[in-house]
Structures are given as C-alpha cells and as structure tokens.
Amino acid sequence: MGNKVVTFSEEQIDDYQDCTYFTRKEILRVHKRFRELSPSTVPKCMTGDEAHTIKVPLNLMETLPEFRENPFRKRIFSVFSSDGTGNMTFEDFLELLSVLSEQAPRDIKVFYAFKIYDFDGDEHIGPADLQQALTLLTSNELNAEETSQACTKVVEESDIDGDGKLSFIEFEHVILRAPDFLTTFHIRI
Amino acid sequence: MNEERRRGSQDASISDIEEENETEDTEHIPMNDCELGLPPPIIVTDNGGVCSKLDDAVPNNNHPVARRRPRPNHLHINITNCTSSDLSSHESLPSHKVAAMTPISLSPSWAKPHRLIRARKASLCSTPGYVTFRNPTNRISSSTYAEELIHAIENDESLMADSPASEQMRLQTVRGMAEAMELRRNVKEKICYNIGMRSQNSPSDPTKWFKYRLKKSFRKVNCGTRELLGHFELWGSTIKSIEGRFGTGVATYFRFLRSLFLINLCVFIMSFSFLVFPQLLDRFYHWNNTTISANSSVLVLEPKTYPYEEINSTFYIVDLVTGGGWLADTELFYGKYNSHSVHINEGEYYSIPDAYFFTTAACYLFTVIVLSIKVAKSYRKNFIEMQGGFTNVYAQRIFCGWDFGITNSEAAELRKQTLYNELRELLDEENNAERSGAKTLMQRLTLMACRVGVTILVGSLLIGSGVLVWFLLARQKMLVNEDVGTLEGRQQASMVMSLVVTGVMLILPMIFSRLCAIEQYSNPRNSVFITLLRTFGLEVAIVGVLLAYWQKSSKEVQVHSFNVLLVMWFNLNVPQCWETSLGQETYRLILVDFFIALIGTSFAEFIRSIVYQYVWKGIGAPEFDIARNTLNLIYNQTLFWVGFYYSPLLSAVIVVKLFITFYVKQACVLHNCKPPSRSWRAAQIQTVFLALTFLAIIGVLFTLGYTMTRVPASKGCGPFREIEHAYLIIKHKLNNIDKNSNWYTIGEWMFKPGVVAGYIIALCVGVYYMRAVAHARGAMVELLRNMLVLEAEDKIFLQKNIREAKSGRKYRNMCNAGRHYRF
C-alpha cells in the first residue's frame, strides 16, 4: 500500500515504533482504522504535523466496534486524548491502542487502568468512582443499597492505609493479584 | 485487638511523638497528600534501588526495611509529584519537621516494601522495570518536564551507555513512560541526539561498534519475522471474533484446540517424513545404481517390477471405520512396517526399525517438552505471579470484570448481566453467612452427606464403566475367536466396544454436571472444577482399562505364541499382531468419537437451536460447555498418544480430525450456542487444562515404557519382530559402537553409577536450594506485607491523635494530669 502514497515518513514510523509497542504493519493498520472513522478529515498522507493536530471527535471515536460496547469508552477516550475532551488525534489513538495491546507490560496498563477508573481525577479511587464504575458495568441494575454495599466491600478489602479510598499503589496491589487483568485489559486491532 | 497490636509494636515511636507534642504542641500533620497517596515518585530501578525526593529527605531512616534496602547507586530521578505548593498547604509544618517525622510517617517506607517487591520482580524477569508517571498536574510546562526527564535519564550511566543492552533499556524506558506521545518523541530524539554526540566525542572500540550494529540489524530481522509470523497466526481472527462474542472462556477452548493441533501437526510431519515416507518408498520402489558413463553412476528410484507383497483383502468402505480388513494391512498400523533396513547404496542403509523407534521416541519427547514448557509458563503466569489467594473478590470484579475484547452487543449485555449476578451472589453470600450461623449444623450435615453420596455414586459409576469396558473387550475377543470366518461378525464385534466407550464418554460427563447441581457448591467455580476432575477420572478409568486389557492379552498371546503361530499358519493369513489390533482399537475409538461426539452433538445442538429459534423458546438455546468439550479434546489426545506408537499414521488422522473439529465447533458456537452464562476464570482454567493434558501424556508414557521393556513384541509382524523387546534396539546400537573411541569412554564414564548418583545429588541439592530460596522470599514478602499493614494502622492512629491534639482538650488534659497516656 505504501508504494504510491506514503502515509508516514520513515522517521515517523521509526519514532512510532520506538515509542509504542507496535510494529510497522500494526501502525499502518491503526492508521487505516483511524482514517476509516472520518475519511473526509483524516488524510492518507500524514507526513506533516497532521498526526497530532487533526482530531476525530468523540462521537465518531465511539463508533469503533472495539469500543462500541465498552461501558468505559467515554472515559478511556478522555484519558487518552491530549486535551482531555475525548477528541482524539492519531497519536492519541496510537498510544491508546499501544497501551491496550498484548505487548504492553503490566505496569503501564495498570497505570492507565487507574486513570480510567479514577473518574473524578483526584488521584484516588474513592467510593464515588467505584459507584460510577459499578453503574456503568451493570447498566445500573444493582439497587442503591447493593451498590454502596459493594463499594464498601471493595474499599474494605483493598484499602490498606484506611483512608477510605484506593491510592494508585493499593490499586496496583489489587491488580497484581488478578490473573485475568492482562487478558481482559487488552484490545486486539 | 488492633489497638493492642499497635501498642505492642509501636511503643517507641508513640512515646517519641508524645514528647514532641508535649514540648511543641504544634499542629502536626505528618503526611502531606503526595506522601500518602500519589503515585510513587518516579522510578523503580532494576536493581531494587528506589529514589525519590522524600527518601532523600530522610537522613536517619532507621526503619528495618529502609536499612535493608540497597541505596540507589544510580538513577536519580528527582521529579516527584510533590512541589512546594503541596507542602505549602501545611505551612505550619517546618520542613525539618518533616524529616524528623518521616521515620514514623507512612509514606516513604510505606511505599518501599512494595516498590522493593516490584523492583525484585522486574529484575527477576530481566526486563528493567522503569516506570514514570504522567505529570499529574500542569504546574510544570511540558517542555520543562521533558527537560527534566531527559536530564534524569541522562544522569543514569546504565541508560546512556553506548551498548545494545542500554539501548534496549532506553527503548523500554521511553515506551514505558506514561506520557503523551509527543513528549516521548521529544525525549527520545533528544537522548538519541545526545548519545550520538557522545559516541562521536569518544570513538568506541570498532569491534564493539560492529557488534552493536550486528545486534541491531539482528533485532530488526527478528522484529520482521515476528511481524510475519503474526500475520500467519493460525485462526487468529476467528479466535478473536469468538473471544469478542463469547468472552475469554470459550476462546480458551479454541486456543487449546489450536495448540494441540499445532503439536500434532509437528508430530505428523516428523513421523511422516522419517518413518512413513521411507517405508512407503521401500514398498513401491527400490534404489537402482544406474551407470551413466564409464566412471559415474547415479542412484535412481525405480518402481519395483515384481508384484508388491500381496494385499490379501479387498478394500471396503467400512474398513475406513473399523480400521480392519484392507486398512489393517497398510502403513497405518505397526504390523506393516519392515524389520529390515532399506538398502540404498554400498554401505548406506536406512534401518526401518531404528527409524520407527527413534522417530516415535522423538515425537513423544517433543510433545512432552512442548507441553511441559507450556504448563510451566502458564502456571507461573497464572498462579505463582499472582501469589495465590483471591482475597480481593469485589475489587477484581469491578476492575477486571470487563473484558475489553468484547465487540458484540449481545456479549456485552451478557457480561453486564454476569457481573451483576456475580456481585449479587457475592453480596447475598455475605449476608447469608452473617445470618446463617446457627442453622447450618443440620444443613451442613445433610449437605455433607449429599456430597459424600454423590461422590460415592460417581466413584461407582467410574468403576462400573471400567468394568463394562473390560467386559466388552472380553466379549469382543470371544466373538472374534468364534466368528473367525465371518467378516461381518468380526466387524460388528469390534464396533460395539468403541460405540459403547464413546457413548459412556459422552453421557457420563453430562450426568456428572447434573449431579454437581445437587451438591450445591457455593461457588460455581468449585462445581466446575469438581466436574472437570470427575470427567478426567472417567477418562483415566476407561483408557486405563483399555491399556490394562491390551497388556494382558498381549501377554497371553505371547504365552501361547506357539498356538498362535499354528493358528497363523493354518487358519489365518493375517498374522496375529497385538500391536496392530491395539492400533486398530484406538483408531476406531478416535473415529467413532469423531462421528458421535463431534458430528452428533453438533447436529443435536443445531436442531436444538432451530427449535429454540422457531418453535419453542422454552427449550433454551444450547450453551457451549467448555469443560466437557475440552475434556473431550484431552480424551482424544490421550487416545492418540496411546495409539501413536502402534500406528504412526494416526497422527494424520488426528490432525485432520482436529482441523475439522475446529471448523465444526466454530460454526456451532457462532451459530447455535449462546454465550455461557457462567463467567469463567479463563486464565486459570487454561493452566488446569494443560496440566491435565500433561498428566495424561505422562501416564501414557509410563505405560508405553512398561510395554516396550516388559511385553515382548509380536514375533510375526512389525519392525521389532526380530528382537524380544523394542527397547533392545538401543542396546544393539550401543553394542555396535566402537569400544575404543573417545566418545565411548566419555559416555561410559558419564553413566557410571557413581557419576549418575552425583547427578541426582546435584539435582536434589539444586531443588532444595531453590525451595529454600523460594521459602525465604515468601517469608520476606509476608514480613513486608505485615509491616505494610502495621504502618498503615500507625498512620490512621497518628492521624487520629493529631486530629485530637489539634482540637482536643482531652489530650492536653491527659498530659497535664502527668499520667502516661495509653492510647
């Protein structure tokens, strides 16, 4: 495909390869997927600064089949978008998929998972964050009492320093002991 | 009781605090925000060194952990999340106070054990665990931040060295930074540039440079091949789509199927190229030394002109199913293989018995090695690295409950439903446990009785099926002996047994899973494991009985070998060959299983889903039973391993079968089944499957080893007809070795009893050492963990006191009263 129109310069590709966990082919595939979202605004050739200036709005990003069903999609996009609005540039998107790829190590995944679950951005996962996550996860089917009970349980069993919320280290501690995390926090593209 | 623990362990620190508070009586808040909760300052190094501003602010850190911790000898990255503005929120706290208080404050030492563990882990995995964290606030502009990062990295010698290893580490660091892409690119460019400058300034050793280049290009090639291989990943997209719609549990089955398929494919390729192909060549062709000119001659393959060895039966379609008749007389089975060497040229031979023995041995060895690696890896990943214990049940449901791979709305809905159910169940369980303290005794007794009863029932079912198989085998033999003349009678008799065995293997697991429902296991996972174990027990029972029976009859054959010979000469043209009949038996079992368990059940599921869709909803859509299906795979694989030695071409059969299975099951899952309603701990179940498979092959190998060394090989057929036992072939080989060669001497020395004992002792010592180390590490982890908990308790305790001290008369009153204050 690259014979006629060069999507990225060699240097760009090298940079992306060095900065993400993707191979050249995967980077091009990510670009293809990105372009499919909004063919009118995303050019085929991105050798200039298009990669970090052209944004695809959140509502288009949400139509990606990989994210369509994900209850956290809004939060994910807003965490990864450089301006925090959820409108993604190509580089944001690449980074998002790189973190969620199979090759990414656990540390980085845990870090972003923490970010995602920390809805109010106070560097702690408090009961409010947990409640929000639960609501999204179960389509609001648990009643208020059950939700708050579950949240209390989470804090009870994972909060080591007893401040009633989970800090990053506590969160990481939970995740380190969860065998499923790596298999579930993972998107194939 | 927490009070007491706290009191006991921390008396010293408490009294320190008291004094301080008494004298100064200021409003102390020993920990600021960033100390408490924000991500650990910046970097975990691979040698266990951790550095942060806070650490450096602790001159006399007399905490045991801190003392044990190696001081960082490199990598000082001082970008912490604490800026002065953080501290300024507690203006009343002079900075030297922070230092004085830190030994008993929570933060640095609190984070240390954890970081220590992680750093250890990173160094164990030999990948450096560099982690940075995205600048939490925008107090520093991104360019300054980048500068700081670059500076930090440049200060680290191990990162800036001009060697491939450090380049790898640099890459890891850049990739692992949780920063925006642009920033990372900046950092990377800068560092590369600086490295370039450095290496220009100090021209390094040309050989080193060359090596570096070589390694770099090698890595590039490596990357390329990985990319290429990823492209050819077998059934990758199919499995992905299944994973998307049905979650990781069902995908585990398909992954397992794929790995078995690949292993068997390798076995097939090996056995075909080294064993079957030469044998076929020998059967139809012979080597001829054709003279081209006066002094050169070429080896040419020529068809054998004389009629091939007579094939004494005509081919019937039904033979394909029974494995008898015409098929029994082909390379499919042991009996047909030559016991002589193929003569190729002057002094060049290809010995079929050697090929037979060593090829099959290599195939088994290959399978064992691949499987053990897989089991070990999977075990380490899912059990050891997770440190066992699943105490964070709720947190795991919430944080790991969502499978990000799901792309299908139905599956998503289902996953939500599952999570909801699981949480409800957990909460209910919790509430029930609180409620049902007293009532349980009677109920527990009945439940226990019920479980014991079911277990006994299952046990007797297992024994019963074993006896049934034994009985059928005996009957079959009788029939064969009686109806020696009629072909049909023999075929029927031989089919009955495989049909019944397959039927048992199909029906009993279903009964087992029904029975499990009666037992009311509180956790669905337990019931699945129990069913798994029982079904595996069934498989072991049946295959075990088959093997035992064959062993017994093969011995009988040998005892009466003279009779057999007579029978052979006078009544039957086909030589009595127990190996071949064993091969046929497994062949039949595998084939019948294919028709019944695969095609049959799939068809039944298809009908059911049709009925569900168009006729009657009450029947419910079929569900994909992972346990049953996977155990069916294991059963098949065990049969194959049993049969492979007696029928090398069985590998082709199993490869084809698994190939078809994949597509049938895929169609079945995608079109007929609804996703499983029970959520599976996919990561762990995979290990269990692999472990069961591994157990199966070990069992099979033991039996085969016994057979090869103890049960005499048939005298009338097969590659080993000229020797007593198959394993003697090694002995013959050893005897042929030149006794005077150096290799022989070395080999002889290596296998001297004393030396062998040395190996064993070394092995034992090694294992013991490893175990001791593991234990020590476990104890260490436990210690650190307890410390963590204690310190956390301290923190709360101190915070409470400070709060009281801040507002409270109580504290002052107590102090004024001059009594020793007990908390």
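Residues numbered from 1 in each chain as written. Chains lettered and ligands numbered in written order. Predicted model: local features only at pLDDT ≥ 70, side-chain atom pairs only at ≥ 80, totals over all residues. Heavy atoms only, no water.

Draft legend 1. Spotlight on the overall build of chain A. A count of helical and extended segments in chain A gives 11 helices and two strands. What you see in chain A, going N to C, is helices and strands ordered as α-α-β-α-α-α-β-α-α-α-α-α-α. Counting only residues that meet the buried cut, chain A has 59% of its 189 residues in that class. Of the contacts made within chain A by residues no fewer than 6 positions apart, 58% connect residues no fewer than 24 positions apart. Total accessible area computed for chain A in this model is approximately 6900 Å², and 50% of it derives from carbon and sulfur atoms. (Helix = DSSP H or I, 4+ residues; strand = E, 2+ residues; numbered from the N terminus. Buried < 20%, exposed > 50% of the residue type's maximum accessible area, 1.4 Å probe, protein only. Contact = heavy atoms within 4.5 Å. Areas by Shrake-Rupley, 256 points an atom, 1.4 Å probe, with all protein chains shown as cover.)

Draft legend 2. Representation of the overall build of chain B within the structure. Secondary structure assignment for chain B yields 29 helices and six strands. The buried share of chain B, reckoned over its 823 residues, is 45%. Looking at chain B alone, contacts between residues at least 24 apart form 77% of all its contacts between residues at least 6 apart. A total of about 42000 Å² of accessible surface is found on chain B, and carbon and sulfur atoms cover 62% of it.

Draft legend 3. Region of interest: the nonpolar core. In this structure, Phe254(B), Tyr645(B) and Phe720(B) are the most contacted members of the largest nonpolar core, which totals 102 residues. Beyond its immediate sequence surroundings of up to four residues, Phe254(B) is in contact with Ile239(B), Ile242(B), Phe662(B), Lys665(B), Gln666(B) and Val669(B). The next biggest cluster of nonpolar side chains, apart from the first, holds 90 residues, and it includes Ile125(A), Ala133(A), Cys151(A) and Ile153(B). (Core = buried A, V, L, I, M, F, W, Y, C linked by side-chain atoms within 4.5 Å.)

Draft legend 4. Just a nonpolar patch on the surface, in detail. Residue and element names in this part refer to chain B. A contiguous nonpolar patch, built from Phe603, Phe606, Ile607, Ile610, Tyr614, Val615 and Trp616 and spanning about 780 Å² of accessible area, is present on the exposed surface. Locating isoleucine 610 in the fold gives a position in helix 22 (residues 578-615). Since its relative accessible area comes to 31%, isoleucine 610 is described here as partly exposed. (Patch = residues over 30% accessible without salt bridge, like charges linked within 9 Å, V, L, I, M, F, W, Y side chains within 5 Å. Salt bridge = Lys/Arg side-chain N within 4 Å of Asp/Glu carboxyl O.)

Draft legend 5. Just the UniProt feature "domain: EF-hand" (unreviewed entry) in chain A, in detail. Sites flagged by UniProt as "domain: EF-hand" (unreviewed entry) map to residues 68-103, 105-140 and 146-181 of chain A. The distance separating the terminal C-alpha atoms of residues 105-140 of chain A is 32 Å; by composition the span is 64% helix and 0% strand. (UniProt positions renumbered as here; feature names shortened; annotations may be inferred.)

Draft legend 6. Focus on the pattern of salt bridges. Residues and elements named next belong to chain A. Summed over the entire model, instances satisfying the criterion amount to 10 salt bridges over all chains. Put simply, glutamate 62 and lysine 74 hold a salt bridge, and the shortest N to O gap is 3.3 Å. Placement of glutamate 62 in the loop between helix 3 (58-61) and helix 4 (65-68) and of lysine 74 in helix 5 (residues 73-80) is noted, with a sequence separation of 12 residues between them. One salt-bridge network, in which partners are shared between bridges, spans Arg33, Glu36 and Glu66.

Draft legend 7. The arrangement of unusual backbone geometry in detail. Residues and elements named next belong to chain A. Look at glutamate 123: it is not a glycine, yet its phi comes out positive at around 65 degrees. Looking at the secondary structure, you find glutamate 123 in the loop between helix 7 (106-117) and helix 8 (127-137). Residue class for glutamate 123 comes out buried when judged on its relative accessible area of 16%.

Draft legend 8. Layout of the packing of aromatic side chains. All chains considered together, the criterion is met by 47 aromatic pairs over all chains. Between Phe272(B) and Phe277(B) the ring centres are 6.3 Å apart and the planes differ by 35 degrees, which places this aromatic pair in the tilted class. Note on Phe640(B) and Phe644(B): the rings are 5.5 Å apart at their centroids and 50 degrees apart in plane angle, and the pair reads as tilted. Note that Phe640(B) and Phe644(B) are positioned in helix 23 (residues 626-644) at a spacing of four residues, about one turn of the helix. Overall, Phe644(B) belongs to the buried group, its relative accessible area being 1%. By the ring-pair criterion, three or more aromatic residues cluster together here, those being Phe72(A), Phe80(A), Phe111(A), Tyr112(A), Phe114(A), Tyr117(A), Phe119(A), Phe168(A), Phe171(A) and Phe399(B). (Phe/Tyr/Trp six-rings, centres within 6.5 Å; stacked < 30°, edge-to-face > 60°.)

Draft legend 9. View of the side chain of Ser351(B). All names here are of chain B. For serine 351, the position within the fold is in strand 6 (residues 348-351). On the accessibility criterion, serine 351 (18% relative accessible area) is buried. A polar contact of 3.2 Å, which involves the side chain of serine 351, links it to the backbone nitrogen of aspartate 354. (Polar contact = N/O pair within 3.5 Å; in protein donor to acceptor, adjacent residues only side chain to side chain.)

Draft legend 10. Main features of the confidence of the model for chain B. Residue and element names in this part refer to chain B. Within chain B, residue pLDDT values average 70, and 65% of them lie at 70 or more. Mean pLDDT values for the elements of chain B range from 30 in helix 6 (residues 95-101) up to 90 in helix 24 (residues 650-672). For residues 559-575, every residue scores under 50 in pLDDT, and the model assigns this stretch 10 contacts once sequence neighbours within four places are set aside. Scored as a whole, the predicted complex attains pTM 0.65, and scored at its interfaces, ipTM 0.88. (pLDDT = per-residue confidence, 0-100.)

Draft legend 11. Molecular detail of the packing of helix 5 of chain A against helix 6 (residues 90-99) of chain A. All names here are of chain A. Here helix 5 crosses helix 6 at 115 degrees, and the two axes come no closer than 9 Å. Crossing of helix 5 against helix 6: the hand is right-handed. Between helix 5 and helix 6, the contacting residues are Ile76, Phe77 and Phe80 on the first element and Asp92, Glu95, Leu96 and Val99 on the second. Broken down by class, the residue content of the contact of helix 5 with helix 6 amounts to five nonpolar, no polar and two charged. (Axes fitted to C-alpha atoms, helices over the stretch in contact; angles between N-to-C directions. Left-handed = near helix turned anticlockwise from the far one by under 90°. Nonpolar A, V, L, I, M, F, W, Y, C, P; charged D, E, K, R; others polar.)

Draft legend 12. Quick peek at helix 6 of chain A. Among the 10 residues that make up helix 6 of chain A, 10 are buried, leaving the element largely enclosed by the rest of the structure. Where helix 6 of chain A is concerned, the buried positions are Phe90(A), Glu91(A), Asp92(A), Phe93(A), Leu94(A), Glu95(A), Leu96(A), Leu97(A), Ser98(A) and Val99(A).

Draft legend 13. Here's a closer look at helix 5 of chain A. Residue and element names in this part refer to chain A. With six of its eight residues buried, helix 5 lies for the most part within the structure. Of the positions making up helix 5, those classed as buried are Arg75, Ile76, Phe77, Ser78, Val79 and Phe80. Against the buried residues of helix 5 lie helix 3, helix 4, strand 2 (88-89), helix 6 and helix 7.

Draft legend 14. Representation of the side chain of Thr580(B) in the model. Residues and elements named next belong to chain B. Looking at the secondary structure, you find threonine 580 in helix 22. Taking relative accessible area as the criterion, threonine 580 reaches 8% and is therefore assigned buried. A polar contact of 2.9 Å, which involves the side chain of threonine 580, links it to the backbone nitrogen of glycine 335. Those residues in contact with threonine 580 that sit more than four places away from it in its chain are Ala328, Phe333, Tyr334 and Gly335.

Draft legend 15. Looking closely at a positive patch on the surface. Residue and element names in this part refer to chain A. Taken together, the side chains of Lys25, Arg29, Lys32 and Lys44 make up a positively charged region of the molecular surface. Residue position: lysine 44 is located in the loop between helix 2 (24-37) and strand 1 (55-56). Residue classification places lysine 44 among the partly exposed residues on the basis of a relative accessible area of 34%. (Lys, Arg positive; Asp, Glu negative; His and termini not counted. Charge placed at Lys NZ, Arg CZ, Asp CG, Glu CD.)

Draft legend 16. View of the environment of Tyr587(B). All names here are of chain B. With respect to the helices, strands and loops of the structure, tyrosine 587 is situated in helix 22. A sequence separation of 266 residues divides tyrosine 587 from valine 321, and the C-alpha atoms of the two residues are 8.4 Å apart. Those residues within four positions of tyrosine 587 in sequence are excluded, and the remaining contacts are Leu320, Val321, Thr322, Gly323, Leu327, Leu332, Phe333, Leu650 and Val653.

Draft legend 17. Representation of the packing of helix 8 of chain A against helix 16 (residues 393-400) of chain B in the model. Two numbers describe how helix 8 of chain A lies on helix 16 of chain B: the axes approach to 10 Å, and their chain directions differ by 65 degrees. For the crossing formed where helix 8 of chain A meets helix 16 of chain B, the hand is left-handed. In this structure, helix 8 of chain A contributes Leu130(A), Ala133(A), Leu134(A) and Leu137(A) to the contact, and helix 16 of chain B contributes Arg397(B), Ile398(B) and Phe399(B). Here the contact of helix 8 of chain A with helix 16 of chain B is composed, by residue class, of six nonpolar, no polar and one charged.

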